[in-house]
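# Chain and residue survey
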Amino acid sequence: MPISKEDLRQKYGLTDEEFDVVEALALRPTCEHCDRALPPESTEARICSFECTFCATCVDTLLGNVCPNCGGGFSPRPIRPARNWKNGNYLGAIPARTLRKHRPVDPTAHAGFAQTLRNVPPEQR
Ligand SMILES: [Zn+2]
Ligand SMILES: [Zn+2]
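Because the structure is predicted, anything quoted here is derived from the model rather than measured.

Glancing now at the sheet that holds strand E2 (residues 53-55). Taken together, three strands build an open sheet; the order of strands is E2-E1-E3 and the sheet is antiparallel. What marks the edges here is a single partner per strand, and that holds for E2 and strand E3 (75-76). Where strand E1 (residues 45-47) and E2 come together, three bridges link them in antiparallel fashion. When the bridges of E2 are listed, Ile47 appears paired with Thr53.

Below, the discussion takes up the nonpolar core. If you look at the biggest cluster of nonpolar residues, it comprises 14 residues, and the most contacted ones within it are Phe54, Cys55, Cys58 and Phe74. Those elements that place two or more of their residues in this core are E1, E2 and helix H3 (56-60). With residues near it in sequence (within four places) discarded, Phe54 still touches Cys31, Glu32, His33, Arg46, Val59, Leu63 and Phe74.

In this section: unusual backbone geometry. Most peptide bonds take the trans form, and the phi angle of most residues other than glycine is negative. The phi dihedral of Glu51 is positive, around 70°, even though this residue is not glycine. Residue classification places Glu51 among the partly exposed residues on the basis of 13 C-beta atoms within 10 Å. Of note, the phi angle at Asn65 is positive, near 60°, even though the residue is not glycine. With respect to the helices and strands, the residue Asn65 is situated in the loop between H3 and E3. Assessed through the 17 C-beta atoms surrounding it within 10 Å, Asn65 is described here as partly exposed.

Parameters at a glance
Residues numbered from 1 in each chain as written. Chains lettered and ligands numbered in written order. Predicted model: local features only at pLDDT ≥ 70, side-chain atom pairs only at ≥ 80, totals over all residues. Pairing = 2+ DSSP bridges. Helix = DSSP H or I, 4+ residues; strand = E, 2+ residues; numbered from the N terminus. Core = buried A, V, L, I, M, F, W, Y, C linked by C-beta atoms within 7 Å. Buried ≥ 20, exposed ≤ 12 C-beta atoms within 10 Å, placed from the backbone. Contact = placed C-beta atoms within 7 Å.

Interpretation note: all reported values are geometric properties and have no functional meaning in isolation.
Below, the structure written as structure tokens:
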């Protein structure tokens, strides 16, 4: 049986509020490939469904809209409000991540992996 989110919440004794923080979209600070800065307000950040984070340039050129980690497509990363417009749901309460994840993609290996996937729309992968 796969572990459900509710199982995890109970296992670690997290309150609903704590769990909201854990569950919030990971706003990673840099492109996983080229390491350029992608601050929370960046319109250049792209994520896959697992929140693998790359810059638009890497997604459009090197990656061909194929995530090297899962094979899914990318979307623009939503921007978390910088100000507390409502109920504390903002960057000040749930900040961006600070830990860089720099795992450059091997262009040759990715070309092989993405060869067929890049011609399949993400919704059909
Ligand atoms: Zn990049
Ligand atoms: Zn991915």
